Amino acid sequence: MISVERVLVVGLPLADLVAYLEDFAHTEEWDPGTVSCVRLDDGPVRAGARWRNTSVFRGRTTDLEYRLDVRESARLRFVGENKTVTAVDDLRFGVEGNGTRLTYRASLTFKGLAKLATPFLRSEFERLADGVVTRLPAAAVARGT
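All of these numbers come straight from a predicted model, not from anything done at the bench.

The rules behind the values
- Residues numbered from 1 in each chain as written.
- Predicted model: local features only at pLDDT ≥ 70, side-chain atom pairs only at ≥ 80, totals over all residues.
- Heavy atoms only, no water.
- 1 Å grid on protein atoms, 1.4 Å probe; cavity = no way out; pocket = protein on both sides within 12 Å on 5 of 7 lines; lining within 4 Å.
- Points joined across faces, edges and corners; volume = space filled by probe spheres on them.
- Helix = DSSP H or I, 4+ residues; strand = E, 2+ residues; numbered from the N terminus.
- Nonpolar A, V, L, I, M, F, W, Y, C, P; charged D, E, K, R; others polar.
- Phe/Tyr/Trp six-rings, centres within 6.5 Å; stacked < 30°, edge-to-face > 60°.
- Buried < 20%, exposed > 50% of the residue type's maximum accessible area, 1.4 Å probe, protein only.

Can you tell me about the layout of surface pockets, naming the residues and giving the values?
By volume, the largest pocket amounts to about 710 Å³. Forming the boundary of the largest pocket are 31 residues, of which Phe57, Thr62, Leu108, Phe110 and Phe125 lie nearest the centre. For the lining of the largest pocket, the secondary-structure elements that each account for two or more residues are strand E3 (50-57), strand E4 (60-72), strand E6 (85-96), strand E7 (99-110) and helix H3 (118-144). Partitioned by chemical class, the residues of the lining of the largest pocket number 19 nonpolar, eight polar and four charged.

For the packing of aromatic side chains, give the residues involved together with the corresponding values.
Applying the stated criterion to the full structure yields six aromatic pairs. Taking 4.4 Å as the distance between ring centres and 40° as the angle between the ring planes, the aromatic pair formed by Phe24 and Tyr66 counts as tilted. Of this pair, Phe24 sits in the loop between helix H1 (14-21) and helix H2 (27-30) while Tyr66 is found in strand E4, placing the two residues 42 residues apart along the sequence. Seen from their ring centres, Trp51 and Phe78 are 5.8 Å apart, and the 75° between their planes marks the pair as edge-to-face. A residue pair is termed long-range when its members are at least 10 positions apart, and Trp51 in strand E3 and Phe78 in strand E5 (residues 75-81) qualify at 27 residues. Taken as a pair, Trp51 and Phe78 share a single burial class, namely buried. In this structure an aromatic cluster arises from ring pairing among Phe24, Trp51, Tyr66 and Phe78.

Without other data, these values stay purely geometric and don't point to any function.
Dropping the structure here:
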């Protein structure tokens, strides 16, 4: 398994940041690997809501189906799966001054033969996590205003 964690402060109130991030389709705006992310069901975002996320990683395109697994006032957890990987994005929120402290943790568990590549992929996932830190605050604030 590969896990990366970043802590950042976003200039939005906690409830506004959670509302923005609970719609996983917004990953198009803040996740440097995401090419598209489309909601697969209708209605309000709630636990069990699903999205198809298309990402590019090391020049290869891959699709994962994500579901909102945990939806709490200060925590969101999304689980994405396909035949080669299970991805978990766990977001925890806390008040920080006039903004919100976000602890972002992404974990990837590879399946089958893909497990063999795990040790060689950590640096790429670290780079992607750094991209989230760069892009997410500005995307959230732009959407929140």
